[in-house]
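Close look at the chain arrangement
Residues per chain are reported as follows:
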Amino acid sequence: MNAVRRTPPTPAPSRIDGTLKLRPRSGDDGAEPARTAPKAKPTRSNEAARARRAAPAGRAAAAASGAQAVPDVPAAPASPPPEGVRLSKVMAERGLCSRREADEYIERGWVFVEGRRVSELGTRIDPDARVTLAPEATRQQQQRVTVLLNKPVGYVSGQPEPGYAPAVSLIGADNQFDRDSAQRFHPSHLKNLAPAGRLDIDSTGLLVLTQDGRVARQLIGDDSKVDKEYLVRVEGELAENGLALLNHGLWLDDRPLRPAQVEWINDDQLRFVLREGRKRQIRRMCELVGLKVVGLKRVRIGHVKLGDLPLGQWRFLRDDERF
């Protein structure tokens, strides 16, 4: 027996709610236009992203057209210059030590500014501040030696040259002139011993070598007021106004020379007193006025004289001697 359905089935609807009808083919009458999704409303993040993408293109276009591009980030304001003067510079200018020694003393904590210890390199201070050294620095300075050498011809005062020895090679026990009246030579005296000024390889006379930066600055600093005296043997014919030009009026290396004191002491010998020491200065000065130097000897630096120091020998600077 066939089963009987109690409730007849509901007929299927011709349209399902919530769905779209299929778009009719092109050319069919009564066709509806296709529906498109609405445009998203721009947000701030989207606008910022588009601006960033457009910025390089805008700069490139500006460069191509010759226009100046506007920088993305404004330049930071310039920082004000540091106040004060470097402590090491103040110490060197006051003659307490050299700049190199000043840095060493500061690092060791041997420097006091207005009574306060300073141990940081690069510290800036008032240029009128009171600066003192610790006893350790003073003792170290007292142990540093300064020697006087009567340099022979053929020795270079500074860096050695091929075939020539440096003047410092003459400093030793065998060449010490004052061995009976001063301290004896010790190899430690050669450490950091350097010439304070130059003397040409073909010149002779007084040469100062020192371990003390204060002495070096006093003799070769730009503001040095220590004069040097030379005896110069010459040959040739002096120009009509040559002596006046030697005293003042000559130029070397496109710079005027400082006033000098130059005078005849006999028929073929001049006496020079200078307060500067440019390379081969006296020889070049003489050439400019028609003279040729055939012999040059330095006999004095400041208040210190060569005296009776034999050629090729040296002695210590005495406690009672000052340049």
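Look above for the structure.
Because the structure is predicted, anything quoted here is derived from the model rather than measured.

**Observations concerning unusual backbone geometry**
- For Glu114, which is not a glycine, the phi torsion comes out positive at approximately 55 degrees.
- As for its position among the elements, Glu114 is in the loop between strand 2 (111–113) and strand 3 (116–118).
- Here Asp254, not a glycine, exhibits a phi torsion of approximately 65 degrees, which is positive.

**Digging into empty space enclosed by the protein**
- Across all of its chains, the model carries one cavity of 30 Å³ or more by this definition.
- Each pocket or cavity is described by its volume, and for the largest cavity that value is around 30 Å³.
- As for the largest cavity, its lining consists of Leu245, Leu246, Asn247, His248, Gly249, Leu250, Leu257, Arg258, Ala260 and Met285.
- Top element by residues in the lining of the largest cavity is helix 6 (residues 242–247). It accounts for three residues.
- Considering only residue class, the lining of the largest cavity consists of six nonpolar, three polar and one charged.

**Brief notes about the pairing of strand 6 (residues 146–151)**
- Among the six residues in strand 6, six count as buried, and that is most of the element.
- Taking every second residue as pointing to the same face, both faces of strand 6 are buried, with Thr146, Leu148 and Asn150 on one and Val147, Leu149 and Lys151 on the other.
- Where strand 6 lies against strand 10 (residues 204–210), six bridges are found, and the strand directions are antiparallel. Paired with Thr146 across the bridge in strand 10 is Thr210.
- The pairing of strand 6 with strand 18 (residues 314–316) spans three bridges and is antiparallel. Along strand 18, the bridge assignment pairs Leu148 with Arg315.

Reading guide: rules and limits
Residues numbered from 1 in each chain as written. Predicted model: local features only at pLDDT ≥ 70, side-chain atom pairs only at ≥ 80, totals over all residues. Heavy atoms only, no water. Helix = DSSP H or I, 4+ residues; strand = E, 2+ residues; numbered from the N terminus. 1 Å grid on protein atoms, 1.4 Å probe; cavity = no way out; pocket = protein on both sides within 12 Å on 5 of 7 lines; lining within 4 Å. Points joined across faces, edges and corners; volume = space filled by probe spheres on them. Nonpolar A, V, L, I, M, F, W, Y, C, P; charged D, E, K, R; others polar. Buried < 20%, exposed > 50% of the residue type's maximum accessible area, 1.4 Å probe, protein only. Pairing = 2+ DSSP bridges.

Keep in mind these values describe shape, not function.
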